[in-house]
2 protein chains.
Amino acid sequence: MNEQYLQTLGQQAKQASFALANLSSTQKSTLLNAIASSLTAAADEIVAANEQDVAAAKAAGLNQAMIDRLLLNHERLSGVIADIDNVVGLPDPIGREFDSRLLENGMRLCRRSVPLGVIGVIYEARPNVTVDIAVLALKTGNAVILRGGKETLNSNMAIAKVIRAAVASCGLPEDAVQLIDNPDRSLVTGLLKLDSYVDMIVPRGGDKLQRLCAEQATIPVILGGIGICHMYVDKAAELERSTDVIINAKVQRPTVCNALDTVLVHEAVAADYLPTLAAALTAQGVKLVGCEATSKLLPAYDIEAATDESFSTEWLSLTIGIKIVADIDAAIAHIRQFSSGHSEAILTDDIAAATHFMNEVNSAAVYLNASTRFTDGGQFGLGAEVAVSTQKLHARGPMGLEALTTYKWLAVGDYTARS
Amino acid sequence: MNEQYLQTLGQQAKQASFALANLSSTQKSTLLNAIASSLTAAADEIVAANEQDVAAAKAAGLNQAMIDRLLLNHERLSGVIADIDNVVGLPDPIGREFDSRLLENGMRLCRRSVPLGVIGVIYEARPNVTVDIAVLALKTGNAVILRGGKETLNSNMAIAKVIRAAVASCGLPEDAVQLIDNPDRSLVTGLLKLDSYVDMIVPRGGDKLQRLCAEQATIPVILGGIGICHMYVDKAAELERSTDVIINAKVQRPTVCNALDTVLVHEAVAADYLPTLAAALTAQGVKLVGCEATSKLLPAYDIEAATDESFSTEWLSLTIGIKIVADIDAAIAHIRQFSSGHSEAILTDDIAAATHFMNEVNSAAVYLNASTRFTDGGQFGLGAEVAVSTQKLHARGPMGLEALTTYKWLAVGDYTARS
């Protein structure tokens, strides 16, 4: 039964994608504006549905952080709707022609950017994602199948209903946006194998979800959002200013993927610098997990012994790993071993060291003298963020609208045959 | 044991990839020239190894087409080595910086093209692929793990030995190129799950191999090389010239993925045109598989009845499907249902029809008045061809050197924290 349900969902999405693929930029703006207006008009219904979800979450004893994530009150909903305006204002990435050339046989060849077709997005209990992703998909002429967390099912159903009606009001197929409204987990595995209809899967969630997608999907998946991020304090770093950057990277928003996980400190400055850094970190409530040499240098602190396992952990909390390294190459070797390929930084005033680090470290984002917290579509000026990719194909790092497009080759001949 | 073997292979490839990633274009040219010289010097050994494979294939009763595919005599080997020169001459796609911008906070941001890292390529019994892929991987600074068909194991081992020695002679790690020299099939499945080390899998083979990779891989896979290609003869087509293009697309090399599989004919010209077309096709030995209306129009021909299954078949032989369609939208609908997303063409002198078809048909390559046989890296001017992708992520259609690269974001601040 689930099989048939998913097949139908896929067919409907594919069919809808044909109607979306060649909309003009103006038509897409009209559509997004209609969605914004409809969401505004339906705000009471949506907030009421969310209240049901929040009440159920409280009754189920979910923790405060979870409940905060799934909360969608009037203020937050207004923010989400305001973001639609921003997306309307972004350049339309579809229909761009590039690499045009006239071949020797007289055939004219170019590539044209086109929508991917159908995108499947699997995400956790954040109802704002339902709006964000639907809007980004439609802006790029894609149909989308959404699968949100079961904790926000009522919110998501209310939002999807409004969006689908808005799509229909513009004379477009409402199946451009479909929500899997059955919490059965086998539907996730089924969606991952719907390769006749779905062109890309974006999992927005933790390690377990990413792994499930990597293992089960027969559709290309954009893995991402897991950041074991490193910052290397070189012997030529300005130490006082380094502390500000490290605190920013670790403390500003510890629960996100671009937050700092491990500091690597050149041994030439470790004795001088670590006491200052440790004081600054602990003053912010950060727990220290250090290598043996770190513990020796900081006898006054309660430092947990670091292991390969702790260096492989994305903390997502006020914990930080500290390791003293013999030199920059030891720092690079550590990063190559433990990084998830998300964001790494070097702090130094030595141009040779900076160049070496930026050449040799191959993560999605590599920083010189800046916080890893910048790895974000908004901060990078992409105007929107679909996800942060930590794989190397198709899109890397913050994914903007461009990541929801592909291209086709167009060739114009004069009844031209290959000789 | 296989598990450990593959882990070691993966680790070695990853380690080698670090040494390759920042080679200059000159260093890479020197490397490729060394490989070309070494292959030339070892031609006798390689041809002798290939003779063993050919003898074994004959003893095993393989058909002539198979034996021809795996044959690597002195002449063919010279051609393969000459192709290395062409690759040396191509622009180096690595190290290009693009999308540079100065952000409002003073941070400078750009993207830089970098190698993917480690590429796994699984292919059938064509020993030339061993050279081609190794050379393209090294040109783009990637390490490669090769898994060829068991029928050419001796040839591949001889070639890999020479290439690895040439790599070492340039002071680079020989594990930049590794060949899985054990025909055990479980090594293929194991390779597909080596996601800690391998960044991309390229399967070059038939439907079964593609399906195995889609289902088993936990690594991103570039599916491709399966072409159910269509040509639509519009009512406004120049019919005589259309025949030449159709014959070219079907007959020139029927065993390849860009060969034509199905002709769709507008019903307004079917009665006039089909007798001419059928005569031309059968004169070339092409077998006709037609819809009911086609059979009625061609009573003099022995036409097999077309089914959904036959329209879903990539013929790879001198067989062609023929269907009469009511109009251009019926042609587009047929293509959407049966195409593998490889190559489609319209033949027409009507600009409106041409535009409609090229907008609405979303395959990797869409042609106006040209043969589908042009879907090829060489024909498209890419200078090389890794494979032909029929999926939409990362690379679409003929994959040149660019498809073996990714990018990283580089950001330079002044101890910049996110506010």
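The structure under discussion appears in the preceding block.
As the structure is a computational prediction, the values presented were derived from the model and not from experiment.

Caption draft 1: Fine view of the interface of chain B and chain A. In this complex, chain B contributes 81 residues to the contact, which on the side of chain A involves 81 residues. Considering only the side of chain B, the residues that lose the most area to chain A are W409, Y415 and R418 of chain B, jointly responsible for 16% of the buried surface there. The interface formed by chain B and chain A includes 8 salt bridges. The partner of R241 of chain B in a salt bridge is D414 of chain A, with the nearest N and O atoms 3.1 Å apart. Our count for the contact surface shared by chain B and chain A stands at 61 residue pairs in polar contact (both at pLDDT 80 or more). Among the elements that take part in the side of chain B that touches chain A, strand β16 (residues 405–416) of chain B stands out by supplying 11 residues, more than any other. In terms of residue class, the side of chain B that touches chain A is made up of 37 nonpolar, 23 polar and 21 charged.

Caption draft 2: Up close: helix α3 (residues 43–59) of chain A. Residue and element names in this part refer to chain A. End to end, α3 covers 24 Å across 17 residues, agreeing with the expected 24 Å (1.5 Å per residue, within 8%). Among the residues of α3, A43, I46, V47, A49, N50, D53, V54 and A57 are the ones counted as buried. Projected down its long axis, α3 shows its buried positions confined to an angular sector of 160°, all on one face. Residues D44, E51 and A59 are exposed on α3 and point more than 90 degrees away from its buried face. For α3, the elements touching its buried residues are α2 (25–41), α4 (64–70), α5 (74–89), α6 (127–139) and α7 (153–169).

Caption draft 3: View of the sheet that holds strand β10 (residues 304–305) of chain A. Spatially, the 10 strands line up as an open sheet ordered β10(A)-β9(A)-β11(A)-β8(A)-β7(A)-β12(A)-β13(A)-β16(B)-β2(B)-β1(B), and their pairing is mixed. Of all the strands in the sheet, just β10 of chain A together with β1 (97–102) of chain B have a single pairing partner and so form its edges. Where helix α11 (residues 267–283) of chain A meets the sheet, it contacts β7 (229–233), β8 (260–266), β9 (287–290) and β11 (319–325) of chain A, and its direction lies at approximately 145° from that of β8 of chain A.

Caption draft 4: Structural context of the packing of helix α10 (residues 239–251) of chain B against helix α11 (residues 267–283) of chain B. Residue and element names in this part refer to chain B. Where α10 contacts α11, the two axes come as close as 10 Å, and the packing angle between them is 45°. Comparing their axes, α11 and α10 come out oblique. In this structure, the crossing between α10 and α11 has a hand that is right-handed. Note on element contacts: α11 touches α10 through V269, Y273, L277, A280 and L281, opposite L239, S242, T243, I246, I247 and K250. For the contact of α10 with α11, the residue count by class is 8 nonpolar, 2 polar and 1 charged.

Caption draft 5: Region of the structure containing the relation of the copies chain B and chain A. Screw-axis analysis of chain B against chain A gives a translation of 0.0 Å along the axis, an RMSD of 0.1 Å, and a rotation angle of 180°. Taken together, the rotation and translation relating the two chain copies correspond to the operation of a two-fold axis. Ranked by how close their C-alpha atoms come to the rotation axis, the residues of chain B are headed by H394 of chain B, at 1.9 Å. Same-surface contact between copies: 100% of interface residues of chain B are shared with the interface of chain A.

Cut-offs and rules
- Residues numbered from 1 in each chain as written.
- Chains lettered and ligands numbered in written order.
- Predicted model: local features only at pLDDT ≥ 70, side-chain atom pairs only at ≥ 80, totals over all residues.
- Heavy atoms only, no water.
- Contact = heavy atoms within 4.5 Å.
- Buried area = accessible area lost by both parts, 1.4 Å probe.
- Salt bridge = Lys/Arg side-chain N within 4 Å of Asp/Glu carboxyl O.
- Polar contact = N/O pair within 3.5 Å; in protein donor to acceptor, adjacent residues only side chain to side chain.
- Helix = DSSP H or I, 4+ residues; strand = E, 2+ residues; numbered from the N terminus.
- Nonpolar A, V, L, I, M, F, W, Y, C, P; charged D, E, K, R; others polar.
- Expected span 1.5 Å × (residues − 1).
- Buried < 20%, exposed > 50% of the residue type's maximum accessible area, 1.4 Å probe, protein only.
- Arc of directions from axis to C-beta.
- Pairing = 2+ DSSP bridges.
- Axes fitted to C-alpha atoms, helices over the stretch in contact; angles between N-to-C directions.
- Parallel < 35°, antiparallel > 145°, perpendicular 65-115°, else oblique.
- Left-handed = near helix turned anticlockwise from the far one by under 90°.
- Least-squares fit on C-alpha atoms with pLDDT ≥ 70 in both.

Just geometry here; none of it tells us what the structure is for.
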